[in-house]
Amino acid sequence: MKWAMRLRVALYLAQALEYCSSKGRALYHDLNAYRILFDKDGNPRLSSFGLMKNSRDGKSYSTNLAFTPPEYMRTGRVTPESVVYSFGTMLLDLLSGKHIPPSHALDLIRSKNFLLLMDSALEGHFSNDEGTELVRLASRCLQSEARERPNAKSLVISLMSLQKEAEVPSYVLLGIQHETAPSTKPLSLTPLGEACSRLDLTAIHEILEGMGYKDDEGIANELSFQMWTSQMQETLNSKKHGDTAFRAKDFSTAIDCYTQFIDGGTMVSPTVYARRCLSYLMNDMPQEALGDAMQAQVVSPDWPTALYLQAACLFSLGMENDARETLKDGTNLEAKKNKN
């Protein structure tokens, strides 16, 4: 890997960690080279976020003990500073092309023999100042005292100033072929599909309101006589109140009422999931909205509306490629239904 690309990997990784910290997810577990993937443009991306989401308390760490942060050895817990330590081991990997134990690397750095760390394939491709700066940054990350390590934001600032050939695409630096997307004819979208593609929440609201509950017909809701109790009436009242709030554009109340209806568990309604999905979007909660749009599809697999709403959620989350694919799936499903 070229020197400029190694610097880019370090920067993108630091930016990913800074983003995690800004979202309250500073404890990225077991950061190592296997966690870095490259997208179709050759840009480095951080993966395995499920590990982080499933272990918020900082108790898990699975890497080789030679690369484990010192404080983890003492306390058995990962802290944000532990993640920076692991980032330092990643810098060593990028510098050396090998997985060198931090203790050995620090011995070389202290004895001023840091050039022995450098990958021989990089010889002549970087200046001494650049190499010194990256080694200095790695040694700061690997400080035995956690409080002496830099935070993710300062890592980004330091690495930003080291970038080279910033205008050259990553796939060129990596020497890989770049696949351009094939030209496709524009989709012929329905009004709902069009509104979702534009993320026009007001238009989506008008369309869902106009559709009513006609798409719930045929959904299995077999209820015994015993279930027609006061609890059942309460559940139906929750839906009714939710519909009133939805019509009045009181989306926070709609979320609460529809949640009571769904949690009642006596009836399933893809339309309620669709309406709560839009209510979540109106309240800037796209992740929750996506969950409801997907649940609507589970309840009613042949319902294009569920796919259109998923596309709107994905657009809201910035996942444009996935959104367009989902929009296409919804359009194809609708065309198939109309044909039948």
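Residues numbered from 1 in each chain as written. Predicted model: local features only at pLDDT ≥ 70, side-chain atom pairs only at ≥ 80, totals over all residues. Heavy atoms only, no water.

Caption draft 1: Fine view of the overall build of the protein chain. Looking only at helices and strands, one finds 16 helices and two strands in the protein chain. In the protein chain, which comprises 340 residues, the share counted as buried stands at 45%. At a minimum sequence separation of 6, the contacts of the protein chain that also span at least 24 residues come to 63%. For the protein chain, the exposed area adds up to about 18300 Å²; of that, 51% sits on carbon and sulfur atoms. (Helix = DSSP H or I, 4+ residues; strand = E, 2+ residues; numbered from the N terminus. Buried < 20%, exposed > 50% of the residue type's maximum accessible area, 1.4 Å probe, protein only. Contact = heavy atoms within 4.5 Å. Areas by Shrake-Rupley, 256 points an atom, 1.4 Å probe, with all protein chains shown as cover.)

Caption draft 2: Structural context of the packing of aromatic side chains. Inspection of the entire model under this criterion finds three aromatic pairs. When the ring of F246 is compared with that of F251, the centres are 6.0 Å apart and the planes differ by 85 degrees; the resulting orientation is edge-to-face. Classification of F246 as buried rests on a relative accessible area of 0%. Positioned over the ring face of Y213 is K239, at 3.9 Å from the centre of the ring. (Phe/Tyr/Trp six-rings, centres within 6.5 Å; stacked < 30°, edge-to-face > 60°. Lys NZ or Arg CZ within 6 Å of the ring centre and 35° of its normal.)

Caption draft 3: Spatial organisation of the nonpolar core. Among the nonpolar cores identified, the biggest contains 50 residues, and F87 and L159 are the most heavily contacted of them. Sorting the residues of this core by element identifies α1 (3-22), α4 (80-96), α5 (102-110), α6 (128-141) and α7 (152-160) as the ones contributing at least two each. The biggest single contributor to this core is α1, with eleven residues. Look past the residues within four positions of F87 in its chain and what remains in contact with it is A10, L13, A14, L17, L31, C141, L155 and L159. Counting residues in hydrophobic clusters, the runner-up holds 38 residues, among them L281, A306, A312 and C313. (Core = buried A, V, L, I, M, F, W, Y, C linked by side-chain atoms within 4.5 Å.)

Caption draft 4: Spotlight on the packing of helix α13 (residues 270-282) against helix α15 (residues 304-316). At their nearest, the axes of α13 and α15 sit 11 Å apart, and the two run at 15 degrees to each other. Here α13 lies roughly parallel to α15, going by the angle between them. Crossing handedness for the pair α13 and α15: left-handed. For the pair formed by α13 and α15, the contact residues are A274, C277 and L281 on the first element and L309, A312, C313 and S316 on the second. Its residues assigned to classes, the contact of α13 with α15 shows six nonpolar, one polar and no charged. (Axes fitted to C-alpha atoms, helices over the stretch in contact; angles between N-to-C directions. Parallel < 35°, antiparallel > 145°, perpendicular 65-115°, else oblique. Left-handed = near helix turned anticlockwise from the far one by under 90°. Nonpolar A, V, L, I, M, F, W, Y, C, P; charged D, E, K, R; others polar.)

Caption draft 5: Quick peek at the pattern of salt bridges. For the structure on display, the rule yields 15 salt bridges. E209 is paired through a salt bridge with R247; the nearest N and O atoms lie 3.1 Å apart. Remark: R247 occurs in helix α11 (residues 230-247) and E209 occurs in helix α10 (residues 201-211); sequence separation between them is 38 residues. K239 is paired through a salt bridge with D243; the nearest N and O atoms lie 3.8 Å apart. Taken together, the residues span about one helical turn, with K239 and D243 both in helix α11 at a distance of four residues. On the basis of relative accessibility, which here comes to 9%, the residue D243 falls in the buried class. (Salt bridge = Lys/Arg side-chain N within 4 Å of Asp/Glu carboxyl O.)

Caption draft 6: Just the confidence of the model for the protein chain, in detail. Mean pLDDT for the protein chain: 86, with 87% of residues reaching 70 or above. In the predicted structure, residues 220-227 sits below a pLDDT of 50 and forms ten contacts with residues beyond four places in sequence or in another chain. (pLDDT = per-residue confidence, 0-100.)

Caption draft 7: Representation of the environment of Q177 within the structure. Looking at the secondary structure, you find Q177 in the loop between α8 (170-174) and α9 (191-198). You can call Q177 exposed: its relative accessible area is 74%. For the pair Q177 and D41, spaced 136 residues apart in sequence, the C-alpha to C-alpha distance is 9.2 Å.

Caption draft 8: Local environment of the environment of E320. Counting through the fold element by element, E320 comes out in helix α16 (residues 320-339). Distance from E320 to S197, taken between C-alpha atoms, is 9.8 Å for residues 123 residues apart in sequence.

Caption draft 9: α7, seen in detail. Buried residues of α7: A152, L155, V156, S158 and L159, and no others. The buried residues of α7 occupy one face: seen down the axis, they fall within an arc of 165 degrees. Away from the buried face of α7 by more than 90 degrees, exposed residues K153 and I157 are located. Among the structural elements, α1, α4 and α6 are those in contact with the buried residues of α7. (Arc of directions from axis to C-beta.)

Caption draft 10: The arrangement of the packing of α10 against α13 in detail. Where α10 meets α13, the axes come as close as 11 Å, and the angle between the chain directions of the two elements is 160 degrees. In terms of their interaxial angle, α10 and α13 are classed as roughly antiparallel. Note on packing geometry: the crossing formed by α10 with α13 is left-handed. Each of L201, T202, I204, H205, L208 and E209 in α10 lies in contact with α13, whose residues at this interface are A274, R275, L278, L281 and M282. Among the residues making up the contact of α10 with α13, the classes are represented as seven nonpolar, two polar and two charged.

Caption draft 11: Region of the structure containing the state of the cysteines. This model, assessed by the stated rule, comprises zero disulfides. You can see C277 has no disulfide; the closest cysteine sulfur is in C313, sitting 3.7 Å from it. You can call C277 buried: its relative accessible area is 0%. (Disulfide = S-S within 2.5 Å.)

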